[in-house]
Amino acid sequence: MKKFRGFTLIELITVIAITAILLTIIAVPIIQGFNLTRAAQGFADAQDRARTLIRRLEAEIGNGAAVRDNGGERGAVDVVVPGQNLNTFELVRLPFTKIDIVSPAQGDPVRGPSGAFINPDTGKEDPTLVTPKGQYNLPARAGSSITRYFVGLREPVVDVDGDGVPERPGTYNNPYDGLLLERNSRQDNLFVLYRVEFQPKVWRRVNNDLRFVVNTDLFLDADNDGEPDDLDDPAFFTLLPGAEADYQTGALTQQGLAKAARIKNWLRRAVVVTETSRYDMIAPALASAGKVVYDNNRPRLVPLVRFQPVRVTSEPAVGQLTARTGEEAFNIEKAGPDVYTTQYGSWSNLFMRLWPSVLPGQYNPPPTGPTAGDVRLRWDSGDPYLVARTWKDSGRERFSIFGYDRNTMASEDEGIELFDVTRYVQIAALPKSLGFNNSFNRPYAFTQAILDADQRSGWLAARNPDWRRLFVPVVPEPRSGKVTASFPIQEVGSDPTVPYNLRVPTYAQESAQSAGDPSLGTGVRVSPFNDNGAPQDFTPNNDPDVNTGNWNDEVFRPVNRRFNKLWHDWPTLAPGLDRTQYVKRYIDLRLASQADGSAGPLDPRTGLARAFVTPGSEEVVGPDQRPGPNYGRYVRYQRSATRPVGPNQYYVNYTDQPEPDWQRAGITVPPYDPLSYDPDDFVQAVLQAPYRAGYLELNSRFGEPVPSAFRDNGGFVPTGNIYVSYRFQYTEPNDVLAVDYDSSQVLEVTLTIKNYPQVQNIPNPQTITVRGSSEVRNFIR
């Protein structure tokens, strides 16, 4: 029998060593390959997730009816992270990490007998519906639902005992990179990207009455104004350290318990659109040595998603046409736009510059010029200009127009406040039928905006002619992306007790008025009826007073009476001029006071030199001048673009007109001064008036006075008033307006997905950054 010899220990050890080496040589590449594959899968997963999210965001933004302004705290999110001292927790604000997309209105808002909405799927009343349901309404308009994307902690509150009531705040835990926290083996709790659809107001029954109320599941309404208090709160999804939660002990205050319940309601509606684990939407800012940058104890964080409006810088606003075909007027080329538009709307962070055309330092009579009717030259470098910007008054943001002079002021943040736009918008937005603060009638928006600015800057009290010549007020409309440069005449005055519907100025009245009332009349006598009860509308042939007094006496203030007097005295007043051409029945809107007796915007004595009538905005109502049954009753007059003016017509100068060569006619005219006017000077008030902005000419045929009454039931009812309403503006064609703004009509989305692959020898996360932009296609201009 043959014997076999066994292996020695040395041989076994040698074999084991060789086998280990071979296994290492074979296994390590395999393991490394698995690690690299896992890392590649993480990178591919992050890339796919990022691209999918960008496409989804672009589609939702493009299909939305609007995107709410997310500038400042409105688009920020507050998060709580560990401080440099790991036993403390710090509140950090992440800008542009929240976006609210207003969904288009859906369905037919029809309610059933009990007041609930009708479900289109069943055709029956559904008390669970808080908003209408169904297809989008076309054309698209804003609905009551909002889609919100925001960054938030995956587990912001913790239900310890499982009873559905949160008892502790959730804390951030990143066990992977060891930057903000030490590496650990606990379950991660990272910041993720949420998507949630919600309604700020819902249809609910309150005291047996169904109506829209604040959605108290998600929001507070502490002041009971019917609007959610914390719709734009950056900490709506975060328990604030100290006031709402003690992050060291995990205890919640009473305020924190209420907020935790609302956060739980947000979680029920929200969906995580990244991943629930291994994905983080924040990154700490690192110094060159790879250390986290801290501001005192607070880490500096970089959000990995940004919903940022497109920034437009110095966009020249386009002025709209002043007059359309069929609305021609003389010297219309001097009238500037009253509306400027930009490419996009939905402005935020607004800043405007307006370079007004230059008023001549001295006007010369024709033909030498420059004259009042000339188009003014463009702004010249070095001249003062206007800046419209946001500023803070006692902690509150306001928007005003400032005069800026680079020669005396260090920056555009300085300036002389001329017009309080915020105040104007607040008053103009009030219902015209309601009082202001429910205590007194609605103030005059335009005048009040000037007075509020003057109260702070004193520019009116100083009567600085430079700022008065520069004054060009405009009002931006951020929603539509336009700037309005004209204002209604009803917004000028000083006595707020005059109801808004009575603020149409009465520029002509049936009789001569007292010296304190500069309104004009149609020319009947102080005792408007004779002994037979018939009105006496005098002509130059039968006016008993034309042989006495002067043309500017109080008795000759009414339209007809002044015409009669001027006709009678013309051979003495201006013997070289044809009275059939120069004697007219007219109203000079520069002298016409407001309904409360204050000066109008066209009055040069106010010191605001640029005002003129917005073309096409005027409405003139007066007695019917055509014979017939309606004679003397009020009708609306029609504008005539040419002279002579017929019955029930008027001719108006929107702007200053070129004047004739007065020297040839033997008339000496004083140098034109846009800041002064003498109503008792024959040359200024009579000869030059037809060439000034605000001149309104009526039917001036010799024997056709404006009627002062109409026949009714065998008697006469006095009328004789002429009412004129119009808009006014200060812009000229060579004024240049440039606008800086962020537009929420076009959103840029930058998204970085950071995926931790859980591979020990590849500790760094896999990241992919994608960018996209989308225009709100259904944006409501």
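Residues numbered from 1 in each chain as written. Predicted model: local features only at pLDDT ≥ 70, side-chain atom pairs only at ≥ 80, totals over all residues. Heavy atoms only, no water.

1. Observations concerning the overall build of the protein chain
Then comes step 1: Looking only at helices and strands, the protein chain features eight helices and 45 strands.
Then comes step 2: Looking at the protein chain as a whole, 50% of its 781 residues are labelled buried. (Helix = DSSP H or I, 4+ residues; strand = E, 2+ residues; numbered from the N terminus. Buried < 20%, exposed > 50% of the residue type's maximum accessible area, 1.4 Å probe, protein only.)

2. Observations regarding the packing of aromatic side chains
Then comes step 1: Evaluation of the coordinates by the stated rule reveals 42 aromatic pairs.
Then comes step 2: Seen from their ring centres, Trp347 and Tyr741 are 5.3 Å apart, and the 35° between their planes marks the pair as tilted. Of the two residues, Trp347 is situated in strand β24 (residues 347–355) and Tyr741 in strand β44 (residues 736–755); the sequence distance between them amounts to 394 residues.
Then comes step 3: An aromatic cluster is defined as three or more aromatic residues linked by ring pairs; in this entry it consists of Phe419, Tyr424, Phe446, Trp459, Phe471, Phe487, Phe728 and Tyr730.
Then comes step 4: One cation-aromatic arrangement involves Arg389 over Phe402; the distance from NZ or CZ to the ring centre is 4.0 Å.
Then comes step 5: The ring of Phe563 carries the charged tip of Arg585 above its face, separated from the ring centre by 4.1 Å. (Phe/Tyr/Trp six-rings, centres within 6.5 Å; stacked < 30°, edge-to-face > 60°. Lys NZ or Arg CZ within 6 Å of the ring centre and 35° of its normal.)

3. Considerations on the environment of Tyr723
Then comes step 1: Tracing the sequence through the fold places Tyr723 in strand β42 (residues 722–725).
Then comes step 2: Given a relative accessible area of 26%, Tyr723 falls into the partly exposed group.
Then comes step 3: C-alpha separation for the pair Tyr723 and Arg636, spaced 87 residues apart in sequence, amounts to 9.4 Å.
Then comes step 4: A distance of 2.9 Å separates a polar atom in the side chain of Tyr723 from a polar atom in the side chain of Asn721. (Polar contact = N/O pair within 3.5 Å; in protein donor to acceptor, adjacent residues only side chain to side chain.)

4. Observations concerning the pattern of salt bridges
Pairs can form between side chains of opposite charge whenever their charged atoms are close.
Then comes step 1: In total, this model carries 34 salt bridges according to the counting rule given.
Then comes step 2: Two residues, Lys259 and Glu244, come together in a salt bridge whose shortest N-O distance is 3.2 Å. Here Lys259, found in helix α2 (residues 254–269), pairs with Glu244, found in the loop between β12 (209–214) and β13 (245–246); they are 15 residues apart in sequence, far enough to count as distant.
Then comes step 3: You can call Lys259 buried: its relative accessible area is 3%.
Then comes step 4: For the salt bridge of Asp742 with Arg311, the shortest nitrogen-to-oxygen distance reads 3.1 Å. Placement of the pair is Asp742 in strand β44 and Arg311 in strand β21 (residues 305–316), with a sequence separation of 431 residues.
Then comes step 5: We classify Asp742 as buried; its relative accessible area is 8%.
Then comes step 6: Relative accessible area serves as the criterion here: at 41%, Arg311 is assigned to the partly exposed category. (Salt bridge = Lys/Arg side-chain N within 4 Å of Asp/Glu carboxyl O.)

5. Here we look at helix α6 (residues 559–573)
Then comes step 1: For α6, with 15 residues, the first-to-last C-alpha span of 18 Å runs short of the 21 Å given by 1.5 Å per residue.
Then comes step 2: Remark: the principal bend of α6, roughly 40°, maps to Trp567, with a proline, Pro571, within the next four residues.
Then comes step 3: For α6, the tally of buried residues reaches eleven of 15 residues, placing the bulk of the element in the interior.
Then comes step 4: Those residues of α6 not exposed but buried are Val559, Asn560, Arg561, Arg562, Phe563, Asn564, Lys565, Leu566, Trp567, Asp569 and Trp570. (Expected span 1.5 Å × (residues − 1). Bend = angle between axes of the 7 residues up to and from the residue.)

6. Regarding the nonpolar core
A general tendency of soluble globular proteins is for nonpolar side chains to be buried together.
Then comes step 1: If you look at the biggest cluster of nonpolar residues, it comprises 70 residues, and the most contacted ones within it are Met352, Phe419, Phe446, Trp459, Phe471 and Leu698.
Then comes step 2: Tallying contributions element by element places β24 first for this core, with six residues.
Then comes step 3: Core analysis: the second largest hydrophobic core is formed by 64 residues, Ile61, Ile101, Ile146 and Val273 among them. (Core = buried A, V, L, I, M, F, W, Y, C linked by side-chain atoms within 4.5 Å.)

7. Regarding the sheet that holds strand β22 (residues 318–319)
Then comes step 1: Across the sheet, which stays open at both edges, the four strands sit in the order β22-β23-β29-β28 with antiparallel pairing between neighbours. In the strand order of this sheet, the two ends are held by β22 and β28 (475–477), each with one partner.
Then comes step 2: As paired elements, strand β23 (residues 339–341) and strand β29 (residues 482–484) share three bridges and run antiparallel to each other. Its bridge partner being in β29, Tyr340 is matched across the sheet by Val483. (Pairing = 2+ DSSP bridges.)

8. What about the sheet that holds strand β1 (residues 66–67)?
Then comes step 1: Spatially, β1-β4-β7-β10-β15 is the arrangement adopted by the five strands of the open sheet, whose pairing is antiparallel. For this open sheet the edge positions go to β1 and β15 (271–272), each flanked by a neighbour on one side alone.
Then comes step 2: Inspection of the sheet shows strand β10 (residues 191–198) paired to β15 by two bridges, in the antiparallel sense. Pairing of Tyr194 across the sheet is with Val272, part of β15.

9. A word on the confidence of the model for the protein chain
Detailed conclusions should not be drawn from predicted coordinates in areas where pLDDT is low.
Then comes step 1: Of all residues in the protein chain, 88% have pLDDT values of 70 or greater, and the mean over the chain is 84.
Then comes step 2: When the criterion is pLDDT under 50, residues 509–520 qualifies, and its contacts beyond four places in sequence or with other chains add up to 40 contacts. (pLDDT = per-residue confidence, 0-100. Contact = heavy atoms within 4.5 Å.)

10. Section: unusual backbone geometry
Then comes step 1: Between Arg643 and the following residue, Pro644, the backbone shows a cis peptide bond with an omega angle of 0°.
Then comes step 2: The phi torsion at Asn331 lies on the positive side, around 55°, for a residue other than glycine.
Then comes step 3: Along the polypeptide, Asn331 turns up in the loop between β22 and β23.
Then comes step 4: The residue Ser394 is not glycine, and still its phi comes out positive at about 55°.
Then comes step 5: Mapping Ser394 onto the fold places it in the loop between β25 (385–393) and β26 (396–404).

11. Examining a nonpolar patch on the surface
Then comes step 1: Together, Ile18, Ile21, Leu22, Ile25 and Ile26 give the surface a local cluster of nonpolar side chains, amounting to about 500 Å² of exposed area.
Then comes step 2: Its place among the elements puts Leu22 in helix α1 (residues 9–63).
Then comes step 3: Overall, the relative accessible area of 47% leaves Leu22 in the partly exposed class. (Patch = residues over 30% accessible without salt bridge, like charges linked within 9 Å, V, L, I, M, F, W, Y side chains within 5 Å. Areas by Shrake-Rupley, 256 points an atom, 1.4 Å probe, with all protein chains shown as cover.)

12. Description of helix α3 (residues 421–428)
Then comes step 1: Turning to α3, its buried residues are Val421, Thr422, Arg423, Tyr424 and Ile427.
Then comes step 2: Summarising the contacts, the buried residues of α3 are in contact with β26, β27 (416–420), α4 (445–457), β28 and β30 (486–488).
Then comes step 3: Of the residues that open α3, the one with a side-chain oxygen 3.2 Å from the backbone nitrogen of Thr422 is Asp420.

13. Quick look at the pairing of strand β40 (residues 709–712)
Then comes step 1: Where β40 lies against strand β41 (residues 715–718), four bridges are found, and the strand directions are antiparallel. Pairing of Ala709 across the sheet is with Pro718, part of β41.
Then comes step 2: Where β40 folds back onto β41 in an antiparallel hairpin, the turn is made up of two residues, including Asn713, whose phi is positive at roughly 55°.

14. What about the side chain of Asn174?
Then comes step 1: The residue Asn174 is located in the loop between β9 (168–169) and β10 in this model.
Then comes step 2: A polar side-chain atom of Asn174 sits 3.5 Å from a polar atom in the side chain of Asp280.

15. Concerning the environment of Lys584
Then comes step 1: Within the secondary structure, Lys584 sits in the loop between α7 (579–582) and β33 (586–588).
Then comes step 2: Sequence-wise, Lys584 and Arg562 are 22 residues apart; in three dimensions their C-alpha atoms are separated by 8.9 Å.
Then comes step 3: Residues contacting Lys584, with those up to four places away along its chain left out, are Phe563, Tyr695, Glu697 and Ser700.

16. Observations regarding the pairing of strand β2 (residues 77–82)
Then comes step 1: For β2, the buried fraction is high: six of the six residues fall into the buried class.
Then comes step 2: Pairing between β2 and strand β3 (residues 89–94): six bridges, direction antiparallel. The residue of β3 that forms the bridge with Asp78 is Arg93.

17. Overview of the packing of α3 against α4
Then comes step 1: Closest axis-to-axis distance for the α3/α4 pair is 8 Å, and the angle between their directions is 150°. With respect to each other, α3 and α4 are oriented roughly antiparallel. As α3 packs across α4, the resulting crossing turns out to be right-handed. Contacts between α3 and α4 pair Arg423, Tyr424, Ile427 and Ala428 from the former with Ala445, Phe446, Gln448, Ala449 and Asp452 from the latter. (Axes fitted to C-alpha atoms, helices over the stretch in contact; angles between N-to-C directions. Parallel < 35°, antiparallel > 145°, perpendicular 65-115°, else oblique. Left-handed = near helix turned anticlockwise from the far one by under 90°.)

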